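Here are the chains, one letter per residue:
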Amino acid sequence: MNRNLLTKIAVSGFVIGIAATGCSMNKIAMAPSDTLGKPQTASRSADRAREALEEGKVSKAVAHAEAAVSASPRDGHYRALLGQAYLGDGRFASAATALGEAMKLGAGDSNTVIALALANIAQGKPAAAVELLKSHSDIVPASDAGLALALAGDTQSAIYVLTGAARQPGADARTRQNLALAFALSGRWAQARVLASQDLPLDKLEGRMAEWSKLAGQPRPEMRVASLIGTEVRADSGMPVRLALSNFPADTQMAAAEAPVQVASADPAPVESFAPPPPVQLASAGDSAIRTVELPMPRRDASGVVPVTELPAPAPVIRAESENYRHAPRVAGANESALVARKASELAARITPQLFNAKAPSGWAVQLGAYDSLAVAKEKWGAIQKRNRTLAAFPGASYAADVKGRTFYRLTVNGLKSRADALSLCDELKAVGQACFVREMGGDEAIQWAAKAGPVRLASR
């Protein structure tokens, strides 16, 4: 295929996307575990695993990911990372186990869903994969879901999903190539060729069609998935028993956790939705508001119950008066754009971007992705900047990197003078769902394109 899904899946969530056929994978949380274990050790091991995956060192990535899970066994995101490393290593049974456990622990992001779907397909469980994809259609990008559906054999659903995605404004080459592959897997080769030619030069079109023909003719599902992600099917006896989730019950973790501390509200004003203001009596008897009447209890005499023939006059009108009470304070997320802009300005105040020399890049960077083409890297920078205004104050750049004989274009945020600044920026990005990790620039990276930093716009009040 056009690239190793080892990086498509395992790293794209931690930060590689792809430009042509393949799964882009969106975000996956990468924060240190807050459960029992060794969170700092786990975080370091996870970072090393992601770097190893990007460099194509899958066995090394598996070892580091297993160390992360061992140090923080109930962190779902570390188990998801381990599952994706197993998938890239061609160990599909282990991948399915680790990814399933990750979802039980709450790692239900699109990366984990797609990776688990591929593991199920490789094990000959297409129905389980299709059910998983359709039940998470609200979070899995249509382009990724469509490709996975096609691999699962549901080409009709795949074409339907991908056609809709390809017709959307701003649809990229990856979506169109995935749709072309879905046509190919359904036997509609003429349409596949026409669609693929929109983004491929003629000298590469025939090679792409040959690859797809070989993929379509492969009857074994594990070989199909392995071929797509650029790996080999390996003998797999399953995850190490010592890492099994059943060895780390939830009650053990909870017993060691500190009791949460409740913080007093900073705004003691009454909240309308919970505590209505006191009623006020109105003097006007002609007011149309609802009046209350207290009915008398029935009396008895020698003949029995005496019926009530007269009702007492209504009590004074009761009406809630709210003009003098404040509205409920805004909750977090009520004005997300203002909150993001404020966080961006606060971050810019803490971290001053330094000048970025594209000829000899140095210092620390935050990597956001790696792509098959420079054009896609530029496109992704614009899209990510729109979603994360924090990045407006920092220069971006894309540089070529050779991984196993293939050239990828890493997309990085630059201008960070220390690792602490880079980690702080990456943490801010993770908090709003952007996957990333930190790397040090060596000064010899072949910068292909650089974007200047811009001012941070403050949110209007």
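In what follows, the structure referred to is the one given above.
Since the model is a prediction, treat every value here as computed from it, not as a measurement.

Visitor: Mind showing me how you'd approach the overall build of the chain here?
Guide: The helix and strand inventory of the chain stands at 17 helices and nine strands. Buried residues in the chain amount to 46% of all 461 residues. Considering only contacts within the chain whose residues lie at least 6 apart along the sequence, 69% involve residues at least 24 apart. Accessible area of the chain: about 23,500 Å², with a carbon and sulfur share of 53%.

Visitor: Looking at this structure, I do not really get the nonpolar core. What am I missing?
Guide: Side chains that are nonpolar tend, in soluble globular proteins, to be buried together. Leu82 and Leu87 are the most contacted members of the largest nonpolar core, which has 67 residues in total. Dropping the residues within four chain positions of it, Leu82 is found in contact with Val62, Ala65, Glu66, Val69, Ala98, Met239 and Leu243.

Visitor: Explain the state of the cysteines to me, please; I cannot follow it from the model alone.
Guide: Throughout this description, disulfide means a covalent bond between two cysteine sulfur atoms. In the structure shown here, the tally under the stated rule is one disulfide. With its sulfur 2.1 Å from that of its partner, Cys426 forms a disulfide with Cys436. Here the S-S torsion is close to 110°, and the disulfide linking Cys426 with Cys436 is therefore right-handed. Separated by 10 residues along the polypeptide, Cys426 in helix α17 (residues 419-431) and Cys436 in the loop between α17 and β8 (437-442) bring together distant segments of the chain. Judged by relative accessible area, which is 2%, Cys426 ranks as buried. You can call Cys436 buried: its relative accessible area is 0%.

Visitor: How should I be thinking about the pairing of strand β6 (residues 396-403) in this particular structure?
Guide: A regular strand places its side chains so that they alternate between the two faces of the sheet. Within β6, six of the eight residues are buried, which leaves the element mostly enclosed by the surrounding structure. Pairing geometry for β6 and strand β7 (residues 406-416), over eight bridges, is antiparallel. Bridged to Ala401 within β7 is Phe408. Relative to strand β9 (residues 446-451), β6 runs antiparallel, the two sharing five bridges. Each bridged residue has a counterpart across the sheet, and for Ala400 the counterpart in β9 is Ala446.

Visitor: What should I look at first to understand the sheet that holds β9 in this one?
Guide: Across a sheet, paired strands are connected by hydrogen bonds in the backbone, their directions being either parallel or antiparallel. Reading across from one edge, β8-β5-β7-β6-β9 is the order of the five strands in this open sheet, with antiparallel pairing throughout. On the outer flanks of this sheet lie β8 and β9, each paired with one strand and no other. The mean angle between the axes of side-by-side strands here comes to 40°, regardless of whether they run parallel or antiparallel. Each of β5 (362-371), β6, β7 and β8 is contacted by helix α2 (residues 39-54), which is oriented at about 60° to β8, the strand it contacts most. Most of the contacts of α17 go to β5, to which it runs at about 30°, and overall it touches β5, β7 and β8.

Visitor: Help me understand the packing of helix α8 (residues 142-151) against helix α10 (residues 173-185) in this model?
Guide: Relative placement of two packed helices is described by the angle separating their axes and the distance separating the axes. Closest axis-to-axis distance for the α8/α10 pair is 9 Å, and the angle between their directions is 15°. One finds that α8 runs roughly parallel with respect to α10. Where α8 crosses over α10, the two elements pack in a sense that is left-handed. Residues Ser143, Asp144, Leu147, Ala150 and Leu151 of α8 touch α10, and the partners they reach there are Arg174, Thr175, Asn178, Leu181, Ala182 and Leu185. Class assignment of the residues belonging to the contact of α8 with α10 gives a composition of six nonpolar, three polar and two charged.

Visitor: Mind showing me how you'd approach helix α5 (residues 92-104) here?
Guide: Since the α-helix advances by 3.6 residues per turn, residues separated by three or four positions end up pointing in the same direction. With 13 residues, α5 should reach 18 Å at 1.5 Å per residue; the first-to-last C-alpha distance of 18 Å fits that figure. Listed as buried for α5 are Phe92, Ser94, Ala95, Ala96, Ala98, Leu99, Glu101 and Ala102. Residues of α5 that are buried in the fold lie against α4 (76-88), α6 (110-122) and α13 (221-229). In the segment just after α5, Gly106 is the residue with positive phi, at about 105°.

Visitor: So what exactly am I meant to see when it comes to helix α11 (residues 189-196) here?
Guide: For α11, the set of buried residues is Ala192, Leu195 and Ala196. End-on, the buried residues of α11 take up no more than an arc of 95°, which puts them together on one face. What points out from α11, more than 90 degrees from its buried face, is the exposed set Ala190 and Val194. Those residues of α11 that are buried are in contact with α10 and α12 (202-216).

Visitor: In this structure, what is going on with the side chain of Gln434? I would like to understand it.
Guide: Considering the arrangement of structural elements, one finds Gln434 in the loop between α17 and β8. The buried category is assigned to Gln434, whose relative accessible area is 8%. A polar side-chain atom of Gln434 sits 3.4 Å from a polar atom in the side chain of Arg387.

Visitor: What should I look at first to understand the side chain of Asn388 in this one?
Guide: With respect to the helices and strands, Asn388 occurs in the loop between α16 (374-387) and β6. Not counting the four nearest positions on each side in its chain, Asn388 is found in contact with Leu429, Val432 and Gln434.

Visitor: Please clarify how the packing of α10 against α12 should be interpreted in this entry.
Guide: Running from N to C, α10 and α12 cross one another at 50°; their axes reach a closest spacing of 10 Å. In terms of orientation, α10 lies oblique with respect to α12. Handedness of the crossing formed by α10 with α12: right-handed. Residues Gln177, Ala180, Leu181, Ala184 and Leu185 of α10 touch α12, and the partners they reach there are Arg208, Trp212, Leu215 and Ala216. Each residue belonging to the contact of α10 with α12 can be placed in one class, and the counts come to seven nonpolar, one polar and one charged.

Cut-offs and rules
Residues numbered from 1 in each chain as written. Predicted model: local features only at pLDDT ≥ 70, side-chain atom pairs only at ≥ 80, totals over all residues. Heavy atoms only, no water. Helix = DSSP H or I, 4+ residues; strand = E, 2+ residues; numbered from the N terminus. Buried < 20%, exposed > 50% of the residue type's maximum accessible area, 1.4 Å probe, protein only. Contact = heavy atoms within 4.5 Å. Areas by Shrake-Rupley, 256 points an atom, 1.4 Å probe, with all protein chains shown as cover. Core = buried A, V, L, I, M, F, W, Y, C linked by side-chain atoms within 4.5 Å. Disulfide = S-S within 2.5 Å. Pairing = 2+ DSSP bridges. Axes fitted to C-alpha atoms, helices over the stretch in contact; angles between N-to-C directions. Parallel < 35°, antiparallel > 145°, perpendicular 65-115°, else oblique. Left-handed = near helix turned anticlockwise from the far one by under 90°. Nonpolar A, V, L, I, M, F, W, Y, C, P; charged D, E, K, R; others polar. Expected span 1.5 Å × (residues − 1). Arc of directions from axis to C-beta. Polar contact = N/O pair within 3.5 Å; in protein donor to acceptor, adjacent residues only side chain to side chain.

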